[in-house]
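# Close look at the chain arrangement
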Amino acid sequence: MPPHRSRKAQPGAILSGISHAGPGEADVGNMVTQGASNLSRNCGELLQYTSTTLSNMLGIYCHMCCDAIEPGFQHQCNNCHTLICKQFVPQSSGCIVFGSVVCSKEEFLCPICARTGKKKDSPLPYVYAGFEDYLATTTKVELVNHYRSQQSNLFIRTLPITQGIHTSKFKNLADGIELIHKAIKVGCLPNSFIIINTDSVEVTEGNAVVSDVVAKSLGEEFLECMGAASSAAKSDATVNITATRKKPWCKLTAKARGGRRVLLLVGSHPAIRFRHHFESLMTLVKNETFDFVLGFGGSGSSLSQISHTVCSLIVETGVFRQTDPWSALRNILMSKHQVLDHTTVVVLYTTTASGSQQVECHQIGKDTPASCAFGYEFKICGKAGCDPGLKGIQVYNQKGKVRVRCTLCHWKSAWARNNKDNEHFKRVNTLTAPQIFWHHFPPSNDLQQFFVKLKHCEPEGTSWKKNGEAREKKCKTQTSQLPEDAQTLDFVLEHSLTMDIDE
């Protein structure tokens, strides 16, 4: 028999599928084959490519939302060459809001490069409207797919966030209120998921806190219906057993399947990290307006990056009857933790211990070599009087160990093991996701000074006593070095949720 020769695929033969590509070469994600990619890395020149067999057949697609780009209505990142679509008329589809770009073509950066570069703390020179076009659409498609045979049981509405109360807005929720009442009567209790776009002006610049936005957007009647469904679920005492009088492997009672009220804060603005918003969220959970709240702690995370986590949490708790939000979130992030490369995830929920209800808040982050230790951004230098400021703290890794170094005064901490738990940072799963850690949120004073307290009491070159004993020195906690910040929760002296925060 003749020798078998592997046939290599030709560049123009693989044309099926539109993949969601991240930042990369200009030809990645725009469905232009490798043969055409060498023509140019400039978006304008790519759009002028008039091949009838490739560009007309495939088109060019946005790297952020995967929608087709209207010729001439796009921007290209000058760092990673990502293509981003923009609105061609006000309120049309597009990731960049019409007429919102205030920078030159040479200065344009995509949201990811802008939030990870030198000016990551500066506001974007444009308005990114991916929420309306990407997250809302993907979430709706996911739920419609699960309820395709019973679409009458699914109620979805998109409401604008405004400071005032409009009667017409509440009328849009009339069908939802009717659906909840009917579901309660027949014993099929519904779940409610409220998604708030934190990039809206009312959240980022307005005086209203999240609790006010919820009250004014949903109205008292809708919130009361949500509460009635939750109360009916909690009071349900139905017990299901198998034919052999055993406990079933899946929970099918009304208490397990319905009545959950979830608030999801999505967007590039980390609203949950701001004190006034966080306190209002605490009130919503304490007063049992919502069962749990999910937010993202990173600045500038694109909605395409967090959409999988949001959709998965809705499906896990709303469709697959996962009653424990903390367990559901950990399982989701263990299976797909790429979102933690760009942001942290914060969950606020209640637990019951010894008959009393207690509010818990955890933040999950990813331990990234040379970037982020234990999934937390440390900002305190161990040298008295030193404030790293914008220069920041640098992370060093070495064979299961990590240390930090001040880039201003070159202070170095002692090494800490990052392959096991410690008093502040716990691994989500030691086997499947050993690089993912969680800690209590807001971070305590001791947590922020984790590396400062690891500093050796004896400096290098210390002289020894004649009897061989080292000189005794006491390490002092430098609480005076904690920066004062009246707005964010990155620096707090007390943990406001539980007394014993470092179990």
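See above for the structure.
The following refers to the structure shown. (Residues numbered from 1 in each chain as written. Predicted model: local features only at pLDDT ≥ 70, side-chain atom pairs only at ≥ 80, totals over all residues. Heavy atoms only, no water.)

### Section: the packing of aromatic side chains
Considering all chains together, one arrives at 15 aromatic pairs under this definition. Plain terms: the ring middles of Trp326 and Tyr349 are 6.5 Å apart, the flat faces sit at 10° to each other, and that makes the pair stacked. Taken together, the residues span a long stretch of sequence, with Trp326 in helix α14 (residues 325-335) and Tyr349 in strand β6 (residues 345-353) at a distance of 23 residues. A relative accessible area of 5% means that Tyr349 is categorised as buried. Measuring from centroid to centroid gives 5.0 Å for Phe374 and Phe425, while their planes differ by 10°, and the two rings are stacked. Here Phe374, found in the loop between β7 (356-366) and β8 (393-398), pairs with Phe425, found in the loop between β10 (416-417) and β11 (426-429); they are 51 residues apart in sequence, far enough to count as distant. In textbook terms, an aromatic cluster arises when at least three aromatic residues are bridged by ring pairs, as seen for Phe374, Tyr376, Phe378, Phe425, Phe437, Phe450 and Phe451. For the cation-ring pair, Lys401 lies above Trp415, with the distance from its terminal atom to the ring centre recorded as 5.2 Å. (Phe/Tyr/Trp six-rings, centres within 6.5 Å; stacked < 30°, edge-to-face > 60°. Helix = DSSP H or I, 4+ residues; strand = E, 2+ residues; numbered from the N terminus. Buried < 20%, exposed > 50% of the residue type's maximum accessible area, 1.4 Å probe, protein only. Lys NZ or Arg CZ within 6 Å of the ring centre and 35° of its normal.)

### Observations concerning the pattern of salt bridges
Tallying each qualifying case throughout the model produces seven salt bridges. A salt bridge links Asp175 to Arg157, with the shortest nitrogen-to-oxygen separation between them at 3.4 Å. Linking Asp175 in helix α7 (residues 174-186) with Arg157 in the loop between α5 (130-146) and α6 (167-171), this pair joins segments that are 18 residues apart in sequence. Since its relative accessible area comes to 45%, Asp175 is described here as partly exposed. Asp341 is the salt-bridge partner of Lys366, the closest N and O atoms lying 2.8 Å from each other. On the criterion of sequence distance, the pair formed by Lys366 in strand β7 and Asp341 in the loop between α14 and β6 is long-range, its members being 25 residues apart. (Salt bridge = Lys/Arg side-chain N within 4 Å of Asp/Glu carboxyl O.)

### Some points on empty space enclosed by the protein
Rolled over the atoms, a probe sized like a water molecule indicates the empty space that remains. This structure, assessed with the given rule, holds one cavity of 30 Å³ or more. As a volume, the largest cavity reaches approximately 40 Å³. Along the walls of the largest cavity sit Thr198, Leu265, Val266, Gly267, His269, Pro270, Ala271, Ile272, Gly295 and Phe296, which together make up its complete lining. Elements that contribute at least two residues to the lining of the largest cavity include exactly β4 (261-266) and β5 (292-296). In the lining of the largest cavity, the residues fall into six nonpolar, four polar and no charged. (1 Å grid on protein atoms, 1.4 Å probe; cavity = no way out; pocket = protein on both sides within 12 Å on 5 of 7 lines; lining within 4 Å. Points joined across faces, edges and corners; volume = space filled by probe spheres on them. Nonpolar A, V, L, I, M, F, W, Y, C, P; charged D, E, K, R; others polar.)

### Observations regarding the pairing of β6
Bridge count between β5 and β6: five bridges; the pairing is antiparallel. From the neighbouring strand, Val293 faces β6, where its bridge partner is Leu348. In the sheet, β6 pairs with β7 via nine bridges, with the strands oriented antiparallel. Looking at β7, one finds that Val347 is bridged to His362. Linking two consecutive strands that pair antiparallel, namely β6 and β7, is a turn of two residues; a positive phi of about 55° is found at Ser354 within it. (Pairing = 2+ DSSP bridges.)

### Some thoughts on the side chain of His362
Mapped onto the elements of the fold, His362 is located in strand β7. A relative accessible area of 5% means that His362 is categorised as buried. If we ignore the near neighbours within four places in the chain, the residues touching His362 are Trp326, Val345, Val346, Val347, Tyr349, Trp438, His439, His440 and Phe441. (Contact = heavy atoms within 4.5 Å.)

### A short note on the layout of surface pockets
If you add up the space inside the second largest pocket, you get close to 870 Å³. Contributing to the lining of the second largest pocket are 32 residues, with Lys234, Lys255, Ala256, Arg260 and Thr323 lying nearest its centre. Where the lining of the second largest pocket is concerned, the elements lending two or more residues are α10 (220-234), α11 (254-257) and β6.

### Some points on the pairing of β8
The sheet contact formed by β8 and strand β9 (residues 401-406) spans six bridges and is antiparallel. Its bridge partner lying in β9, Gln398 is registered against Lys401.

### Some details on the packing of helix α13 (residues 303-318) against α14
At their nearest, the axes of α13 and α14 sit 10 Å apart, and the two run at 135° to each other. On the basis of the axis angle, α13 is oblique to α14. Judged by the sense of rotation from one axis to the other, the crossing of α13 with α14 is right-handed. Across the interface between the two elements, Thr309, Ser312, Leu313, Glu316 and Thr317 from α13 touch Ala328, Leu329, Ile332 and Leu333 from α14. Here the residues of the contact of α13 with α14 are counted per class, giving five nonpolar, three polar and one charged. (Axes fitted to C-alpha atoms, helices over the stretch in contact; angles between N-to-C directions. Parallel < 35°, antiparallel > 145°, perpendicular 65-115°, else oblique. Left-handed = near helix turned anticlockwise from the far one by under 90°.)

### Re the environment of Gln363
Mapped onto the elements, Gln363 comes out in strand β7. For the pair Gln363 and Gly295, spaced 68 residues apart in sequence, the C-alpha separation works out to 9.3 Å. With residues up to four places along the chain from it excluded, the contact list for Gln363 reads Thr344, Val345, Val346, Tyr376, Phe437, Trp438, His439 and Phe441.

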